[in-house]
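# Structural overview
One letter stands for each residue in the lines below.
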Amino acid sequence: MMQYKGYIGNVNFDDEANIFHGYVIGLKDVITFQGTTVTEIKQAFKDSIDDYLDWCKERGEKPEKTYSGKLHLRLNPELHAHLAIEAEKQGVSLNDFINNKLSK
C-alpha cells in the first residue's frame, strides 16, 4: 500500500508482463497507474493523484476523498438492540461504543 495526499494505492506485480500496476482504493472514480520499477510505480502513483486533482479543478468539481469516516451498515435488530443497551450502560453514544470496540 502507498499513501499520498490522503489517497491509498494498492499495487500488484504482473509476472508475465514484468510490470507493476496499481489503483487507488476507496473511490468511485477509477485512478490507475503502472511502472516497471519501484521508483517508477511510486512516481506514477503520485502523478496519477496529481493529474486527478488537476482534472477535478479544471472541471470545477470537488475531488472524491477516500474513506469519509461514515460507514452505513445494516444490523439485525437483536444485535442493534444489544449494542445500544451496552452503550447506554456505559454512558456513551452507540457510535462511540462501536468505535471503541472496533479500535481494539
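Note: the structure precedes this text.
Residues numbered from 1 in each chain as written. Predicted model: local features only at pLDDT ≥ 70, side-chain atom pairs only at ≥ 80, totals over all residues. Heavy atoms only, no water.

## Digging into the overall build of the protein
Each helix and strand counted, the protein has 3 helices and 4 strands in total. In terms of C-alpha radius of gyration, the protein reaches 20 Å, well past the compact-globule figure of 13 Å for 104 residues. A buried classification covers 25% of the 104 residues belonging to the protein. Within the protein, contacts between residues at least 6 apart in sequence are counted, and of these 33% link residues at least 24 apart. On the protein, roughly 8200 Å² of surface is accessible, and the fraction owed to carbon and sulfur atoms is 51%. Computed over 13 positive and 16 negative side-chain charges, the inter-centroid distance for the protein is 9 Å. (Helix = DSSP H or I, 4+ residues; strand = E, 2+ residues; numbered from the N terminus. Rg over C-alpha atoms; globule rule 2.2 N^0.38 Å. Buried < 20%, exposed > 50% of the residue type's maximum accessible area, 1.4 Å probe, protein only. Contact = heavy atoms within 4.5 Å. Areas by Shrake-Rupley, 256 points an atom, 1.4 Å probe, with all protein chains shown as cover. Lys, Arg positive; Asp, Glu negative; His and termini not counted. Charge placed at Lys NZ, Arg CZ, Asp CG, Glu CD.)

## Comments concerning the side chain of Thr66
Following the sequence through the fold, Thr66 ends up in the loop between α1 (38–59) and α2 (77–90). For Thr66, a relative accessible area of 9% corresponds to the buried category. One polar contact links the side chain of Thr66 to the main-chain carbonyl oxygen of Gly6, over a distance of 3.0 Å. Thr66 has contacts with Gly6, Tyr7, Val24, Ile25, Gly26 and Leu27, leaving out every residue within four places of it along the chain. (Polar contact = N/O pair within 3.5 Å; in protein donor to acceptor, adjacent residues only side chain to side chain.)

## Overview of the pairing of strand β4 (residues 32–35)
Residues Phe33 and Gly35 point to one face of β4 and are all buried, whereas Thr32 and Gln34, pointing to the other face, are not buried. In terms of strand pairing, strand β3 (residues 19–25) meets β4 through 4 bridges, oriented antiparallel. Residue pairing across strands places His21 opposite Gln34, the latter belonging to β4. Connecting β3 to the antiparallel partner β4 that follows it, the hairpin turn spans 6 residues, and Gly26 within it adopts a positive phi of roughly 85°. (Pairing = 2+ DSSP bridges.)

## Observations regarding the packing of α2 against helix α3 (residues 94–103)
Here α2 crosses α3 at 95°, and the two axes come no closer than 9 Å. The orientation of α2 with respect to α3, classified from their angle, is roughly perpendicular. On α3, the residues that touch His80, Leu83, Ala84, Glu86, Ala87 and Gln90 of α2 are Leu94, Phe97 and Ile98. Partitioned by chemical class, the residues of the contact of α2 with α3 number 6 nonpolar, 2 polar and 1 charged. (Axes fitted to C-alpha atoms, helices over the stretch in contact; angles between N-to-C directions. Parallel < 35°, antiparallel > 145°, perpendicular 65-115°, else oblique. Nonpolar A, V, L, I, M, F, W, Y, C, P; charged D, E, K, R; others polar.)

These results come straight from atomic positions and should not be treated as a statement about function.
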